[in-house]
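An overview of the molecular structure
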Amino acid sequence: SLMAQQISSFGCGQKHLHENRLKKDEKYAKKQAQLSKWIYQKSTLSNRKKSNEIYQIPVVVHIIHLSAQQNEEEETSNPTDAQIRIAMQHLNEAFRNTGNYAEDWRGANDPDNPDADLLKSVDVGIDFCLAHRDINDEATNGILRYESDEFSSLDQAEDDAMKEWVAEQNDNRFPTTDYANIYLVNEICDEGDCGIAGYAYLAGAHGQFYDGI
């Protein structure tokens, strides 16, 4: 999900965002329905990924931080490259079932639990790596920074405007068809209700400019 750093009460804004997009975007709704049907047909234990192939997804982290004038402790809304890399390490450990994320869920080892197999922790075979090249084959470290008091304190209704603004700042060098875009802001609010931890669209948004994490 799009991530906020200042979280007063944990909450996910995905449901509201998804429902609004379903109402106003026929293409998104149709694609999501098709994907949901496909996932339902494929989601059985026998169809779990058995290949040793590892899928690598290039990631771009867009940090939209407050200006120094608005935030004297600038590092609060502008984390270091090292902090971003640590977060990426945690993400990969979770998806690859290593480190602290390798523990099975409660009930996975209960022989009387009919859902025991579903609760076992697995390696899903996906690695996330910070992008080394943009769409024009120019070098990048995958971490981009933008100063914006308006979008760092983000109202969820401004999600589209924020992503359009970010794309303009980087000359559209990281299209959603080729990169997983992560947007990190200082705070997320929805109609005055702040403390939202983050949100993301479902897979029906793939390729659309607003797709992102």
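Heads up: these notes are all about the structure in this document. Because the structure is a prediction, the values reported are computed rather than measured.

The next point concerns helix α3 (residues 81-96). With 16 residues, α3 extends 22 Å between its outermost C-alpha atoms, agreeing within 8% with the 22 Å of an ideal straight helix rising 1.5 Å per residue. Three or more residues of α3 are buried, namely Ile 84, Met 88, Asn 92 and Glu 93. The secondary structure elements touched by the buried residues of α3 are β2 (55-65), β3 (126-130), β4 (143-147) and β6 (180-185). Of the residues one or two after α3, Asn 97 is the one with positive phi, at around 60°.

All right, on to the packing of aromatic side chains then. With the rule as written, the count across this model stands at eight aromatic pairs. Relative to Trp 165, the ring of Phe 151 has its centre 5.6 Å away and its plane inclined at 45°; by these criteria the two rings are tilted. Separated by 14 residues along the polypeptide, Phe 151 in helix α4 (residues 149-152) and Trp 165 in helix α5 (residues 159-169) bring together distant segments of the chain. Note on Phe 151: relative accessible area 5%, which makes it buried. On the numbers, 5.2 Å between centres and 80° between planes, the contact of Phe 174 with Tyr 179 is edge-to-face. Here Phe 174 falls in the buried class, since its relative accessible area comes to 6%. Each member of the aromatic cluster is reached from another via a ring pair, and the members are Tyr 28, Tyr 201, Phe 209 and Tyr 210.

Moving on to the sheet that holds strand β7 (residues 187-190). Spatial ordering of the open sheet is given by β5-β7-β8, a layout of three strands whose pairing is mixed. Every other strand in the sheet has two partners, leaving β5 (153-155) and β8 (193-194) as the edge strands with one partner each. Pairing geometry for β5 and β7, over three bridges, is parallel. Residue pairing across strands places Asp 155 opposite Cys 189, the latter belonging to β7.

Cut-offs applied
Residues numbered from 1 in each chain as written. Predicted model: local features only at pLDDT ≥ 70, side-chain atom pairs only at ≥ 80, totals over all residues. Heavy atoms only, no water. Helix = DSSP H or I, 4+ residues; strand = E, 2+ residues; numbered from the N terminus. Expected span 1.5 Å × (residues − 1). Buried < 20%, exposed > 50% of the residue type's maximum accessible area, 1.4 Å probe, protein only. Contact = heavy atoms within 4.5 Å. Phe/Tyr/Trp six-rings, centres within 6.5 Å; stacked < 30°, edge-to-face > 60°. Pairing = 2+ DSSP bridges.

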